[in-house]
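One letter stands for each residue in the lines below.
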Amino acid sequence: MTRELRRLSIVMLFMFIALFAATSWIQVVEADALAQNPNNKRTRLDSYEIQRGSIIVDGTAIATSVPSDDQYQFQRVYADAAMWEPVTGYFNAALGSSTGIEQAMNSDLSGTGSNAFFAEIERIISGQPQRGFSVELSLDTAAQRAAYEALDGLSGAVVAIEPKTGRILAMVSTPGFDTNLLATHDANAANSAYDQLAADPSKPLSNRAIAGDLNPPGSTFKILVAAAAFESGDWTPESTLPNPASYTLPGSSNKVSNAWGSACGPGDTVTIAEAIRLSCNIPMAELAVELGDDAIREMAEKFGFNKSFDTPLTSTPSSYPRALDDAQTALTGFGQGQVTATPLQIAMVAAGIANDGVVMNPNMVDAVIGDDLSVIRAFDNSEFGRAMDADTADEVTAAMVASVATGAAQGARIDGVNVAGKTGTAENGNKPHTLWFTGFAPADDPAVAVAVVVEDGGGQGQSGSGDTIAAPIAKKVIEAVLGR
């Protein structure tokens, strides 16, 4: 064989290997992604012949497919649609559109993913019609209903998490809408319903639990600032800070005050623990400046700030910006300024403290199951990371328990249960306040961590507070989870 022929043979061999690798990559690695691409009409048309799997909570289907008399063969139907809408989203065969779990778990629900390959072969052999897999969620029906009913008439959201696992027990956003209106096979009716929802100034299409217009977290952020201080080793709950009646922001003529306009209790100084219990702004602003924005941001990012999470619903990242000056850093000490957060993120902060400082990745899918109830795919709990030592978590917890027992968060008190909590009443300039609560219970063995946000002042403008409006909502959710 001549040298030139050997070279040509080697080139041809490498070309064959490259072609084999490329086709294998497309057929194996990217198969699911290509099949679920919204532009892949063949997969969409094939899916119409398959009865879509159910979405299940506590053994009951909240989304099912029933036979229809049109070309799409099956119509998607939702139970308690507005209550579950932030979770399920909707699926519209006529328009090829979907949101929520319907979109995130489409390959399993539609029976078009790689997991369905062997099931499809088995059904062909047996002559049975192919069906999509069902998706079993982690949510708690009682908690979801308690949150939804407590938010009735308000613009807001609730997220409840199991601290030790990260399993989401409730995710509610109000006002909601009837997903059946957007699932109809009448394309004109579906488009008309969508246009009306999109034009609604109350923004029912926004999932306020994980996205939408993010709000400043207000005083709920104080527990994160306190955690950063205690974890540094330079501060303890009994460390003191100056206690003036007003505070001039560093390098600025702007002043901030406590909510009631006077000092944080008697005395020229106040402890960090007492500032948390009474929800005082000035000492926490002073503490934030002492810590610096880098230390606070590092702690915030240990809880998940500046990161998006797939639960599998994709969340908007909560934000703690870089390179804040001292004035802006002071404002973040009590959750104002440029810091913003979703209820999911604030619930993760409470859950991480409840879990001895370990933050779990939030998730809401327990398993994908076949129609014979066999588990096709289970979802394991996973750790996001350790935010603080267990001793630091205990110190923050003690301050939160005091806040609910005798401080600024008494609206969350439950007889016979130690609740750890923190309220927030965030200012929005001349607009109504944003009202918050976050906490967990029982404080000594946490079963649930919850975050509540109520926008537009809960209908009370700048008169409403996190303690009077948001905390009682959280209380009802906690009671539902605990079966009280």
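The rules behind each value
- Residues numbered from 1 in each chain as written.
- Predicted model: local features only at pLDDT ≥ 70, side-chain atom pairs only at ≥ 80, totals over all residues.
- Heavy atoms only, no water.
- Helix = DSSP H or I, 4+ residues; strand = E, 2+ residues; numbered from the N terminus.
- Buried < 20%, exposed > 50% of the residue type's maximum accessible area, 1.4 Å probe, protein only.
- Contact = heavy atoms within 4.5 Å.
- Areas by Shrake-Rupley, 256 points an atom, 1.4 Å probe, with all protein chains shown as cover.
- Phe/Tyr/Trp six-rings, centres within 6.5 Å; stacked < 30°, edge-to-face > 60°.
- Lys NZ or Arg CZ within 6 Å of the ring centre and 35° of its normal.
- Pairing = 2+ DSSP bridges.
- Axes fitted to C-alpha atoms, helices over the stretch in contact; angles between N-to-C directions.
- Parallel < 35°, antiparallel > 145°, perpendicular 65-115°, else oblique.
- Left-handed = near helix turned anticlockwise from the far one by under 90°.
- Nonpolar A, V, L, I, M, F, W, Y, C, P; charged D, E, K, R; others polar.
- Polar contact = N/O pair within 3.5 Å; in protein donor to acceptor, adjacent residues only side chain to side chain.
- Expected span 1.5 Å × (residues − 1).

J.: Help me out: how do you make sense of the overall build of the protein in this one?
T.: What the protein contains, in helices and strands, is 18 helices and 19 strands. Looking at the protein residue by residue over its 484 residues, the buried ones come to 51%. By sequence separation, contacts in the protein at least 24 residues apart represent 68% of the contacts at least 6 residues apart. For the protein, the exposed area adds up to about 21,200 Å²; of that, 51% sits on carbon and sulfur atoms.

J.: What should I look at first to understand the packing of aromatic side chains in this one?
T.: Each aromatic ring pair is characterised by the separation of its centres together with the angle its planes make. Summed over all chains, the structure comprises 3 aromatic pairs. Ring centres of Phe 309 and Phe 384 lie 5.3 Å apart, and the angle between their planes is 65 degrees; this geometry places the pair in the edge-to-face category. With Phe 309 in the loop between helix H14 (293–303) and helix H15 (326–332) and Phe 384 in strand S16 (residues 383–386), this pair connects stretches of sequence that are 75 residues apart. Chaining the aromatic ring pairs together yields one cluster made of Phe 221, Phe 305 and Tyr 320. One cation-aromatic arrangement involves Arg 52 over Phe 91; the distance from NZ or CZ to the ring centre is 3.9 Å. Seen from the ring of Phe 309, Lys 307 lies directly overhead, with NZ or CZ sitting 5.9 Å from the centre.

J.: I tried to follow the sheet that holds strand S2 (residues 60–67) on my own but got confused; where do I start?
T.: By definition, the strands of a sheet pair up through backbone hydrogen bonds, in either a parallel or an antiparallel sense. Taken in spatial order, the 6 strands of this open sheet run S3-S2-S1-S6-S14-S15, and their pairing is mixed. Edge positions in the open sheet fall to strand S3 (74–78) and strand S15 (375–378), since each of these has one partner strand only. Sheet twist, expressed as the average angle between the axes of neighbouring strands with direction ignored, equals 25 degrees. Here 5 bridges tie S2 to S3, and the two strands are oriented antiparallel to one another. Residue Pro 67 lies in a different strand from S3, and its bridge partner there is Phe 74.

J.: Hey, could you run me through the packing of helix H11 (residues 222–232) against helix H13 (residues 281–291) in this one?
T.: Each pair of packed helices can be summarised by the angle the axes make with each other and by the distance between the axes. Where H11 contacts H13, the two axes come as close as 10 Å, and the packing angle between them is 45 degrees. When the axes of H11 and H13 are compared, the pair comes out oblique. Taken as a pair, H11 and H13 cross one another with a handedness that is left-handed. Here H11 contributes Lys 222, Val 225, Ala 226, Ala 228 and Ala 229 to the contact with H13, which in turn contributes Asn 281, Met 284, Leu 287 and Leu 291. Residue composition of the contact of H11 with H13, by class: 7 nonpolar, 1 polar and 1 charged.

J.: I'm lost on the side chain of Asp 293 in this one. Help?
T.: Along the chain, Asp 293 falls in helix H14. For Asp 293, the side chain forms a polar contact with the main-chain nitrogen of Ala 323, separated by 3.3 Å. Discounting chain neighbours no more than four positions away, the residues touching Asp 293 are Tyr 320, Arg 322, Ala 323, Leu 324 and Thr 329.

J.: I would appreciate a short explanation of helix H17 (residues 390–406) in the present structure.
T.: Since there are 3.6 residues in each turn of an α-helix, residues three or four apart along the chain are aligned in direction. Its 17 residues place the ends of H17 24 Å apart at the C-alpha level, agreeing with the 24 Å of an ideal helix rising 1.5 Å per residue. Taken together, the buried residues of H17 touch H11, helix H12 (272–278), helix H16 (343–354), strand S17 (420–428) and strand S18 (431–441).

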